[in-house]
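# Chains, contacts and geometry: an overview
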Amino acid sequence: MASITLKAPLTGVIVPLEQVPDPVFSQKMVGDGASIDPIDQLLVAPCDGKVTQLHKAHHAVTLTTADGIEVMMHIGLDTVSLKGEGFRPRVAEGDAVQTGDPLIEFDADYLATHAKSLLTQILVTNMERVTALEPASGLVNAGSDAFLTLTTAAAGAEAAATGRTVSSEAILIPNPTGLHARPAAVLANLAKRYESRILLQRGNDEANAKSVVSIMALEVSQDDKVVLVATGPDAEAAIAAIAPELAAGLGDEGTAPAPAPATMEPDPANAPPPRPRSEDPSLLLGVAASPGLGVGKVFQLRRDEIRVPEAATDEPRVERRRLDDAIEHAKNELEALQAELHAKADPAKAAIFAAHQELLADPDLLDIAESAIAKGKSAAFAWQRAYSTHAERLAGLKNEIMAGRAADLRDVGRRVLGILTGQPVQEPEIPAGAILIAEDLSPSDTAKLDPAKVFGFATVGGGATSHVAILARSLDIPAVAGIEPRALELADGAEVILDGGKGQLRIDPDPAEVDHILTLKHKLAEKKQANLAAAHEPAVTTDGHRVEVVANIGGIEDARQSLPLGGEGVGLLRSEFLYLERHTAPSEDEQTRIYADIATALEGRPLIIRTLDVGGDKPLPYLPMPREENPFLGIRGVRIGLDKPEILRTQVRAILRASATPGAKLRMMFPMIATIDEIRSVRGLVDEERAKVPDAGDVEVGIMVEVPSTAVMARQFAREVAFFSIGTNDLTQYTLAMDRGHPKLGAKADAMNPAVLKLIAQTCDGAHAEGKWVGVCGGVASDPQAVPILLGIGVDELSVSVPAIPAVKAAVRERSLPECQALAEQALACDTAAEVRALVPSQY
């Protein structure tokens, strides 16, 4: 053990690092130490050493001692933006200095008026070399007074702890939305495979690459230049493995907007619009989070803050054990919840709570809590401060998606805190017919809501992309996020109308308006029951034309649920559910078993399996794809299968083997086919694999019609395959050149646009000319307004969401085929989607 004393590099008052108003420093992401509020203007060396880094903005410098201790000094807060103005370095990188030597002069008056603060941070950045750190307090004089006293590990231990340091070349971040939650999680998981300490550096800022929260807090944007730095026994292997993945986008691709010129200053005109405010005192505005109408009485959902003692009652090791046990308990709860949701074939919800488990293992959260415990704080206080601080930082980020994850972090934090304190979150008694109003809801809160009691909810926080909104949509509960804060002032029991589709909350509505909506909801409920009662009757028009109505599913539970609702088979099995939430691709045996189980569950009904459809908006963490200017026009869908044929061949063999299951009626369908060459390549691959599975059944091969070229050349494609299934979501996107996920254009990407309908008509005409059938498996097939028009155009099969099966079958039975054909003819002559929809009145 050795002791090192660092002298004060400035004259001024010592400020504890935890009080620095910058979370990057206060949460010790860069290193540990203390801050000085300076009263002079010359930074001097706190020890003998070598200048190993001088930031180009001249606001920060790092010295390395002969013992290898790295001491970074950062003058002021947010001073990097001054680009060197107000600073004059007195040293250069590589210079040897002694204690008290001048390092950087700075203009304190200029910094005071142009920077956030003059607080100067002095940090030891390689804390793995330090076993204890004790800062001084009060006023210190530069170059003479002790500032930090360090106790370092023995030399042998140092060598084992540090090892070799390896840096990557500079990497330009290709991700269109930067390192948000998904790529950050992929990067953290990659880094955790290695023993070495791994940092992600961007200029003078750095993050722990094993921490999702730390990476997100760095707010790395597209085209930012970063460097990976690893120190440890496997540093070289870590950099060799992780750097290419980071450069390739970590499997995260999406439509990239044109970047603004680097020299331009931010334009205030392009700032996000302010939260909407209503001029009508009876109407509150927010963001549409989950569609639907809810009429009910306000129930204000408020959580009492758990109060915890700051001082520990036991020694640190006991407090740490208490925290470890609580975290382990919480992990078990989350694993059980995740398993329950997987058993219900609800992978979207399960993935949310898998992400919660990842947060519990976040090293930055644990480090902050451990640091506080070591200083004599209670486990509960240390944990509460750790997760609360990180949640506040996330909530303040500019990226809406990452800011929305603050609710996830608070949810996880409260779960552990409740276990620690013996005060688990009490579930409130929510009255029937409630419209919940809350500051925010956690994903756990939302997942437990009973749609029979809760008719809707509105939250001041959150947004349409939050996990809470996703859960609300899956539960079919109308929801509004970002509602005006005055909603929290509404009295319990006040009658309101919540319109989740418009993002509105109507206060004290007119009784006639309430009666109208209640009457409408009652009629819809009666119609729903009537549809369900007739669900097992075939979908036949009034003049006897039969249409097959099948289900879009994501797993075996969906298949089972479809049968009592009248499902006549499966028109789309999204096989991606087998590939998501895992680190390796599923094996051939695993796929064969699952496909066979689903076929058995369908009891002889047809099962169409779409081969793996990823890329663009659906990347896989273990299948990184190269950066593309526009991934939606690049390697996605079947193109990935042709580019990486081993994955496609394995899936094709699994489908062929499953087809030998007694009673199975399997078909395989390939996504994103755009050229004749592509389908011929796929057919050749299928024939090669079929030869390896001699007992395979008769498996028909079809394609998705998702791009205009396939629709335009439908007759030529029909000579190559047995059937078509039109994916209207992508067909609409590619026809109208509108990203369906775009916040401004998404609502305009309507499959009822006459241009899209004409492509559907061309597809039907081409297929029927060659004696082939056509299905529609996109979202429009589940839209009762669209059903008669699709029938009139010539669609033979409708593959719809499981809950929509009874309503779609009922819509088929309402008209004759000639009526549908007349509607289709009018629709094809319309100018807009709105005109088309006006032809078939909505039931809402």
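Residues numbered from 1 in each chain as written. Predicted model: local features only at pLDDT ≥ 70, side-chain atom pairs only at ≥ 80, totals over all residues. Heavy atoms only, no water.

### Overview of a negative patch on the surface
Residues Glu495, Asp508, Asp510, Glu513 and Asp515 make up a contiguous surface patch of negative charge. Examined against the element boundaries, Asp515 turns out to sit in helix α15 (residues 511-533). Taking the relative accessible area as the measure of exposure, Asp515 reaches 47% and is therefore partly exposed. (Patch = residues over 30% accessible without salt bridge, like charges linked within 9 Å, V, L, I, M, F, W, Y side chains within 5 Å. Areas by Shrake-Rupley, 256 points an atom, 1.4 Å probe, with all protein chains shown as cover. Salt bridge = Lys/Arg side-chain N within 4 Å of Asp/Glu carboxyl O. Lys, Arg positive; Asp, Glu negative; His and termini not counted. Charge placed at Lys NZ, Arg CZ, Asp CG, Glu CD. Helix = DSSP H or I, 4+ residues; strand = E, 2+ residues; numbered from the N terminus. Buried < 20%, exposed > 50% of the residue type's maximum accessible area, 1.4 Å probe, protein only.)

### Looking at the sheet that holds strand β27 (residues 504-507)
What the eight strands build is an open sheet, ordered β20-β27-β26-β22-β23-β24-β25-β21; its pairing is mixed. If you trace the sheet from one side to the other, it starts and ends with β20 (283-285) and β21 (287-290), each paired once. Sheet twist, expressed as the mean angle between neighbouring strand axes with direction ignored, is 30°. Packing against the sheet, α15 makes contact with β22 (293-300) and β26 (495-499), and its axis sits at approximately 115° to β22. (Pairing = 2+ DSSP bridges. Axes fitted to C-alpha atoms, helices over the stretch in contact; angles between N-to-C directions. Contact = heavy atoms within 4.5 Å.)

### Thoughts on the environment of Ala207
Within the secondary structure layout, Ala207 lies in strand β18 (residues 205-208). The spatial distance from the C-alpha of Ala207 to the C-alpha of Leu228 is 9.8 Å, given a sequence separation of 21 residues.

### Description of the sheet that holds strand β14 (residues 146-152)
The antiparallel open sheet is built from three strands, whose spatial order is β1-β14-β12. Looking at strand neighbours, the two that pair on one side only are β1 (2-7) and β12 (130-135), the edges of this open sheet. Pairs of neighbouring strands in the sheet enclose a mean axial angle of 20°, with direction left out of account. The pairing of β1 with β14 spans six bridges and is classified as antiparallel. Bridging across to β14, Ser3 finds its partner in Thr151.

### Structural notes on empty space enclosed by the protein
The full count for this structure, using the stated rule, is three cavities of 30 Å³ or more. Quantified by volume, the largest cavity comes out at close to 70 Å³. Around the largest cavity sit Thr611, Leu612, Gly637, Val638, Ile640, Gly641, Lys644, Ile647, Leu648 and Gln651, which together line it. (1 Å grid on protein atoms, 1.4 Å probe; cavity = no way out; pocket = protein on both sides within 12 Å on 5 of 7 lines; lining within 4 Å. Points joined across faces, edges and corners; volume = space filled by probe spheres on them.)

### Notes on the pattern of salt bridges
Evaluation of the coordinates by the stated rule reveals 40 salt bridges. Of the charged contacts, one joins Arg506 and Asp280 as a salt bridge, the two residues approaching to 2.9 Å between their closest N and O atoms. In this pair, Arg506 is assigned in strand β27 and Asp280 in the loop between α6 (235-247) and β20, connecting sequence segments 226 residues apart. Judged by relative accessible area, Arg506 falls into the partly exposed class, the value being 25%. On the basis of relative accessible area, Asp280 is assigned to the partly exposed category, the value being 29%. Via salt bridges that share partners, Glu588, Asp589, Arg649, Arg653, Arg657, Glu688, Glu689 and Lys692 belong to a single interconnected network.

### A short note on helix α9 (residues 363-374)
Between the first and last C-alpha of α9 there are 16 Å, a value that for twelve residues agrees with the 16 Å anticipated at 1.5 Å per step. The buried fraction of α9 is high, at nine of twelve residues. All buried positions along α9 are accounted for by Pro363, Asp364, Leu365, Leu366, Ile368, Ala369, Ser371, Ala372 and Ile373. Of the residues one or two after α9, Gly376 is the one with positive phi, at around 95°. (Expected span 1.5 Å × (residues − 1).)

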